[in-house]
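Listed below, chain by chain, are the residues.
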Amino acid sequence: SGSHEAAAKDVSFRVEDGDFMVLLGPSGCGKSTILRMIAGLESITSGILRIDGKAMNHVPAKDRDIAMVFQSYALYPHMKVRDNLAFGLKRRGFAREEIKRKVNQVAEILGLTPFLNRKPHALSGGQRQRVALGRAIVRDPKVFLFDEPLSNLDAALRVSTRNELVSLHHRLGATMIYVTHDQVEAMTMGTRICIINLGRVVQIGPPMEVYRKPINTFVASFLGSPPMNLLKTKLEKAREGQRFLQLGTKSISLPERWFPSAMEIPREVIFGIRPEDIFLPGSAPSYAIPAEVEMEVTAVETLGAETVLILKPDDLEQKVTARVGRDVRTHRGERIKLIFDLSSAQLFNPDTTEVIVER
């Protein structure tokens, strides 16, 4: 194409032995390109890829001891499941008995034993995906690479296959790198998440750490469903040893953890709070630093296990989303009081979008 914009820019990260690393980001952010570079399907223009300490840049894909599972299963349609699983081993010249043992073992792990004599067309989508997984596992590679392997499955099957993959990771103790744009998948599967945007690594860490302490507004809004509320607000002058945040028409006293750094905090800030850190009066946890805000309900989404409220604070353009218990009785147009837990809130700099670090 005419543009020579790099899909991955100065990407650098380490995946430890036995890690389940999830590369997470929106469509087109470069995560599949990174995976293909590790696999040897794309060339690396600069930098070094090491596997087990050995540089791999010029090692052909087939010699990298890597197994890749794609979104499309790419099974051999004319071969039975058994032969699909055995194919790579046959090509590598393993003994027949050894192949049989490995294939049976993997079929057992993935619940494919009853289907070994079927051809792919006689399998469901989930079973085909498991055969594709099995074909990777049977080779016992150094690294597994997954490129959105669950996106063709229906919702229920995705959840069960996701759980299978997690327990498989525990059982095999293998190193896995998994690409997805589904943040629920990332949160539930990864030992670490690497968030990528526009070809760059934005933040790496264990799922809950990245979730609790997003480094910027992109991560804050990308991780979590519904995402973090990000409200444009102003800081007021300190008075009587307290600092206040102006939230619409309401002044909120800020927790002390921001005081020392508040000298450097810009007057305009973005106040971030997750929907589950907003409570109905009386239901906030004991550790919360409460701030009461009255808002108008603009929509009520009853989801069974919980209710999601969409609210409008006075004098603020943005809406606020709150996840509350399933017993809430409220309707559109009603004004209600809610408690923001400031101990879980974050402040971001609107110019850099980066989190304002507490001291």
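Residues numbered from 1 in each chain as written. Predicted model: local features only at pLDDT ≥ 70, side-chain atom pairs only at ≥ 80, totals over all residues. Heavy atoms only, no water.

As a further point, take the packing of helix α2 (residues 81–91) against helix α4 (residues 125–137). The N-to-C vectors of α2 and α4 enclose an angle of 30°; their axes lie 8 Å apart at closest approach. Taken together, α2 and α4 sit at an angle that is classed as roughly parallel. In this structure, α2 crosses over α4, and the sense of that crossing is right-handed. Residue-level inspection shows Val81, Asn84 and Leu85 of α2 in contact with α4, the latter providing Val131, Gly134 and Arg135. Split into classes, the residues belonging to the contact of α2 with α4 amount to three nonpolar, two polar and one charged. (Axes fitted to C-alpha atoms, helices over the stretch in contact; angles between N-to-C directions. Helix = DSSP H or I, 4+ residues; strand = E, 2+ residues; numbered from the N terminus. Parallel < 35°, antiparallel > 145°, perpendicular 65-115°, else oblique. Left-handed = near helix turned anticlockwise from the far one by under 90°. Contact = heavy atoms within 4.5 Å. Nonpolar A, V, L, I, M, F, W, Y, C, P; charged D, E, K, R; others polar.)

What follows covers the pattern of salt bridges. Two side chains that carry opposite charge are able to pair once their charged atoms sit near each other. A complete count under the given rule lists 18 salt bridges for this structure. Of the charged contacts, one joins Arg192 and Asp19 as a salt bridge, the two residues approaching to 3.1 Å between their closest N and O atoms. Residue Arg192 is located in strand β7 (residues 192–197), and its partner Asp19 is located in the segment before β1 (20–24); the two are separated by 173 residues in the primary sequence. You can call Asp19 buried: its relative accessible area is 10%. Two residues, Asp83 and Lys90, come together in a salt bridge whose shortest N-O distance is 3.6 Å. A residue is classified by how much of its surface remains accessible, and Asp83, at 27% relative accessible area, is partly exposed. The network of salt bridges with common partners includes Glu294, Asp314, Arg335 and Lys337. (Salt bridge = Lys/Arg side-chain N within 4 Å of Asp/Glu carboxyl O. Buried < 20%, exposed > 50% of the residue type's maximum accessible area, 1.4 Å probe, protein only.)

It is worth spelling out the side chain of Gln129 at this point. Tracing the backbone through its elements, the reader meets Gln129 in helix α4. Gln129 sits in the buried class, given a relative accessible area of 0%. If sequence neighbours within four positions are ignored, Gln129 has contacts with Val69, Phe70, Gln71, Tyr73, Pro149, Leu150 and Leu153.

The relative placement of two packed helices is expressed as an angle between their axes plus a distance between the axes. Contact geometry of α4 with helix α5 (residues 155–172) gives a least axis separation of 11 Å together with a crossing angle of 15°. Of the possible angle classes, the one that applies to α4 and α5 is roughly parallel. When you trace α4 past α5, the crossing you get is right-handed. Contact residues: α4 offers Gly126, Arg130, Leu133 and Ile137, while α5 offers Leu157, Glu164, Leu165, Leu168 and Leu172.

Moving on, we come to the sheet that holds β1. Strand order in this open sheet of six strands is β4-β5-β6-β1-β7-β8, and the pairing throughout is mixed. Looking along the sheet, the strands with just one partner apiece sit at the ends: β4 (66–69) and β8 (200–205). Across the sheet, the mean angle from the axis of one strand to that of its neighbour is 20°, orientation sign disregarded. Against the sheet, α4 engages β4 and β5 (143–147), with an angle of about 175° to β4. (Pairing = 2+ DSSP bridges.)

Here the focus is the pairing of strand β17 (residues 335–341). Residues in a regular strand project their side chains so that they alternate between the two faces of the sheet. The element β17 is largely enclosed, with a buried count of five among its seven residues. Relative to β17, strand β13 (residues 278–279) runs antiparallel, the two sharing two bridges. Note on β17: the bridge partner recorded for Ile278 is Phe340. Here strand β14 (residues 290–302) pairs with β17 via seven bridges, running antiparallel. In the sheet register, Glu294 faces β17, and the bridge partner there is Lys337.

This part covers the layout of surface pockets. Of the voids in this model, the largest pocket is the one considered here, and its volume is about 1,200 Å³. Lining of the largest pocket is provided by 32 residues; of these, Phe13, Ile38, Ile48, Leu49 and Arg50 occupy positions nearest its centre. Elements supplying a minimum of two residues to the lining of the largest pocket: α1 (31–39), β2 (50–51) and β6 (175–180). No other element matches the four residues that α1 contributes to the lining of the largest pocket. Of the residues that constitute the lining of the largest pocket, the class distribution is 15 nonpolar, eight polar and nine charged. Here the second largest pocket is characterised by a volume of approximately 590 Å³. If you trace the second largest pocket, you find 21 residues lining it, with Ile66, Ala67, Met68, Arg135 and Arg139 closest to the centre. For the lining of the second largest pocket, the secondary-structure elements that each account for two or more residues are β4, α2 and α4. (1 Å grid on protein atoms, 1.4 Å probe; cavity = no way out; pocket = protein on both sides within 12 Å on 5 of 7 lines; lining within 4 Å. Points joined across faces, edges and corners; volume = space filled by probe spheres on them.)

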